[in-house]
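Next come the chains, spelled out residue by residue.
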Amino acid sequence: MENFTMRQIKTSCLALASLAAIALAGGTATAATVEACGDLVCYQWDDSQPALELLGDPVLVGNDLQFTPGGETPFRADSADGSGTGTANATLIIDRVYTVGGQSIQSIAVSEEGDWEIAQGGAVAADLYVQGVSLSSVMDIAIDTDSVDADGDSGGPQVWGALAEISPEGSFAGSSNDLRLTLQNSLAAFTGDAGDSAFIEKGVVTVVTSVVPVPAAAWLFGSALGLLAWVRRRTA
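Residues numbered from 1 in each chain as written. Predicted model: local features only at pLDDT ≥ 70, side-chain atom pairs only at ≥ 80, totals over all residues. Heavy atoms only, no water.

Student: Would you explain the nonpolar core in this entry?
Tutor: As a rule of thumb, soluble globular proteins bury nonpolar side chains together. Judged by nonpolar contacts, the single largest core of 43 residues is most densely connected at V97, I108, L181 and V207. Those residues in contact with L181 that sit more than four places away from it in its chain are L92, I93, I94, V97, I108, V130, Q131, G132, I166 and V207. (Core = buried A, V, L, I, M, F, W, Y, C linked by side-chain atoms within 4.5 Å. Buried < 20%, exposed > 50% of the residue type's maximum accessible area, 1.4 Å probe, protein only. Contact = heavy atoms within 4.5 Å.)

Structure representation (structure tokens):
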């Protein structure tokens, strides 16, 4: 019965997240594009997306984005006393992730962590879906997923974590320096009997982007050309 319950709540969780993505794509809210740039990577997104109500506004840390849910609308799923499945879902689209110097994007890792607890009986689940699509060729797509689930009394509050990572440079046939990133986040909690309670909450989401470093030989060659030009100007 417990295995069936976990499949049931995960299926419900993913289905609702897919519906949220469709609704987002068909929304009519006025887009307000925000751009945040580090020294290597820039991000652009529409700050009117409903997902940001749950995830919170992202903060640029170096070349990475960090979300801290838990504001006025916590990113949390609850269930108690046999009420069935409670869910929380958000699909965020980052319209552009691109490199400042034109280097390839080696990887984008999305990590999540938060708290969960099951008292007496029930189940919880978290699902993470990450998709990168090249802006120069829609045929170039990279996808990764991760999931976490638990059932039965947890013996108190616990911490969960999930990680999904894509590798545009290795996955794309064409250029991998400019892409659209989609993050689909889903939480679910289930109880089947009176006296049961379960919750799962998202605490931190981090998007870490790594670029292909410029080869040392290329850097030295560029430095040599600059030095040669300087010498020629001095001797002219």
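Student: How should the packing of aromatic side chains be read in this particular structure?
Tutor: Ring pairs (aromatic) are described by centroid distance and by the angle formed between their planes. Under the defined criterion, the tally for this structure stands at 0 aromatic pairs. The ring of F75 has K202 lying over it, and the distance from NZ or CZ to the ring centre is 4.8 Å. (Phe/Tyr/Trp six-rings, centres within 6.5 Å; stacked < 30°, edge-to-face > 60°. Lys NZ or Arg CZ within 6 Å of the ring centre and 35° of its normal.)

Student: I tried to follow the pattern of salt bridges on my own but got confused; where do I start?
Tutor: Pairs may arise between side chains of opposite charge once their charged atoms sit close together. According to the stated counting rule, one finds 4 salt bridges in the structure shown. Across the pair D78 and R76 runs a salt bridge whose closest N-O atoms are separated by 2.9 Å. Relative accessible area serves as the criterion here: at 39%, D78 is assigned to the partly exposed category. With a relative accessible area of 31%, R76 lands in the partly exposed category. As a salt-bridge pair, E201 and R76 come within 3.4 Å of each other at their nearest N and O atoms. Within this pair, whereas E201 is found in strand 12 (residues 197-211), its partner R76 is found in strand 5 (residues 76-80), the two being separated by 125 residues in sequence. Salt bridges sharing partners connect three or more residues here, namely R76, D78 and E201. (Salt bridge = Lys/Arg side-chain N within 4 Å of Asp/Glu carboxyl O. Helix = DSSP H or I, 4+ residues; strand = E, 2+ residues; numbered from the N terminus.)

Student: So what exactly am I meant to see when it comes to the confidence of the model for the chain here?
Tutor: Do not read the fine detail of predicted coordinates wherever pLDDT is low. The share of residues in the chain with pLDDT of 70 or more is 77%, and the mean pLDDT across the chain is 86. With pLDDT under 50 throughout, residues 216-221 is counted as low confidence; its partners more than four residues away or in other chains account for 1 contact. (pLDDT = per-residue confidence, 0-100.)

Student: Would you mind going over the side chain of S176 with me for this structure?
Tutor: By the element assignment, S176 lies in the loop between helix 3 (168-171) and strand 11 (178-191). A polar contact is formed between the side chain of S176 and the side chain of S104, at a distance of 3.4 Å. Non-local contacts of S176, meaning those with residues more than four positions away in its chain, are made with S104, I105, P168 and E169. (Polar contact = N/O pair within 3.5 Å; in protein donor to acceptor, adjacent residues only side chain to side chain.)

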